Amino acid sequence: MAVTSELLASSEDLSEILHRLADRAREVTGAEYAAISTFDEEGVLTRFIYSGISDEQARRLGDPPRGRGLLGHLATCDRPIRLDDLRASPHFTGWPPGHPDMTRFLGVPIRAGGRTIGSLYMARGADRPPFTAEDEVAAAVLSLQAAVSVSYALARERRGRIFLLEERERIAHDLHDGTIQALYALGLECDTMANREDYPPEAREALANAVSRINEIIADIRSYITMLEAATPVEQPELTRDLGFVIRQLVPSSIATVVNISAAALQELTTRESEDLLYIAREALSNAVRHGAPTKIAVDLRQTDDATVLTIQDNGVGFDEATTRKGLGRVTMRTRAERLGAELTIIPIPGMGTTVRVAIPRHRNDEEDV
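Described below are features of the structure shown in this document. Quick caveat, the model's predicted, so the values are computed rather than measured.

This brings us to the environment of Thr-295. With respect to the element layout, Thr-295 can be found in the loop between helix H9 (271–292) and strand S7 (296–303). Relative accessible area serves as the criterion here: at 54%, Thr-295 is assigned to the exposed category. Counting along the chain gives 40 residues from Thr-295 to Ile-255, while the straight-line C-alpha distance between them is 4.8 Å. With near-sequence residues (within four places) excluded, Thr-295 lies in contact with Ser-254, Ile-255, Ala-256 and Asn-315.

Next up, the structure:
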């Protein structure tokens, strides 16, 4: 198992560690399929990373498991579960359409600090032999090694997440007490000059327009501050959960929302990509609600051959890009997209709505996953 230690020590990114552990679990047990999950302190499944399922299969399966049934039961266990036929388990709740045959099952909890922080799952089809006691021992040893790296990575990410929240609060404070106050003072000065009788009419008109523009910038910054101060969950970003949180936070119940998130796309996203995509989605949703007057918003995350693509589309009033000023929100979205090396496309159609699409080039392929 020394190879496993080297694999885990070579990365600090939790997503990479989990991918490598899932691949390693298949290798040491001879499984056709393997997966690894993590749980929060309440035992709720927060991540599910698989190995042995193609991207096409994952796309057909749709959303990843939510930790019910046998997977949820394993989160309460402190010992491995080995089954010749998992369908005979009282905790088995069935498969979604298109799920591959997984009859033979081996599940091993990953424990640290007296609780289960994750689980390893290994499976084979009915035409393959059941898992043996030797397979169980190999998986248990792997889970012990995984516990150290996973618990450390979870703690590091939590600290990093808290630091980010504190930094956002500081930025919000600086924007409010510094930038907004300075703009407000400038606006008052311009407004005073715009009302001076000794100024020519064209100068007074220009100053009045400047006051309006300053007020618009202040409104944009206030909106940005509101987003910075929003009570975003402290846990590691997870788009299935956090997008739902953002939608509830920003979108009134009178606006219908449709959300489609592909498991294959989630599988590939890094922590940084998830974080930035969440904030691009938040800005796009905020703009749609504040300016678009839509009755429906669709959020779609999927994987193509070349990219992981997030699309936010509304059926609102749209806008004319040639005549509409570029606000702080659009600048923020483009900055985040550029940081990811992603392509951001904003397609407004006056009277028909707006589509925001961000495409992150894929950074894994099948050969690298093996």
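So, about the pattern of salt bridges. Two side chains that carry opposite charge are able to pair once their charged atoms sit near each other. A full pass over the atoms with the stated rule returns 13 salt bridges. As a salt-bridge pair, Asp-135 and Arg-124 come within 3.4 Å of each other at their nearest N and O atoms. Taken together, the residues span a long stretch of sequence, with Asp-135 in helix H5 (residues 133–194) and Arg-124 in strand S5 (residues 115–124) at a distance of eleven residues. Take Asp-135: its relative accessible area is 12%, and that puts it in the buried class. Salt-bridge contacts for Arg-204 lead to Glu-197; the nearest nitrogen and oxygen are separated by 3.9 Å. Its relative accessible area of 66% is what places Glu-197 among the exposed residues. Through salt bridges that share partners, Asp-276, Arg-336 and Arg-339 make up one connected network.

Among the secondary structure elements, Ser-119 is positioned in strand S5. By relative accessible area, which is 0% here, Ser-119 ends up buried. Among residues more than four places away in sequence, those in contact with Ser-119 are Ala-35, Ile-36, Ser-37, Phe-39, Leu-74, Ala-75, Val-108, Pro-109 and Ile-110.

This next bit is on the pairing of S5. S5 sits mainly inside the fold: nine of its ten residues count as buried. Here strand S1 (residues 33–39) runs beside S5; their pairing, made up of six bridges, is antiparallel. Across the sheet, Ser-37 pairs through a bridge with Ser-119, a residue of S5. Sheet topology places strand S4 (residues 104–112) next to S5; nine bridges connect them, and they run antiparallel.

On to the sheet that holds strand S6 (residues 256–261), then. With respect to topology, five strands assemble into an open sheet ordered S6-S7-S8-S10-S9, the strand pairing being mixed. Two strands lie at the open edges of the sheet, namely S6 and strand S9 (343–349), each paired on one side alone. If you compare each strand with its neighbour and ignore which way they point, the axes differ by 10° on average. Here S6 runs beside S7; their pairing, made up of six bridges, is parallel.

Rules used throughout
Residues numbered from 1 in each chain as written. Predicted model: local features only at pLDDT ≥ 70, side-chain atom pairs only at ≥ 80, totals over all residues. Heavy atoms only, no water. Helix = DSSP H or I, 4+ residues; strand = E, 2+ residues; numbered from the N terminus. Buried < 20%, exposed > 50% of the residue type's maximum accessible area, 1.4 Å probe, protein only. Contact = heavy atoms within 4.5 Å. Salt bridge = Lys/Arg side-chain N within 4 Å of Asp/Glu carboxyl O. Pairing = 2+ DSSP bridges. Axes fitted to C-alpha atoms, helices over the stretch in contact; angles between N-to-C directions.

Everything listed is a geometric property; what it means functionally is a separate question.
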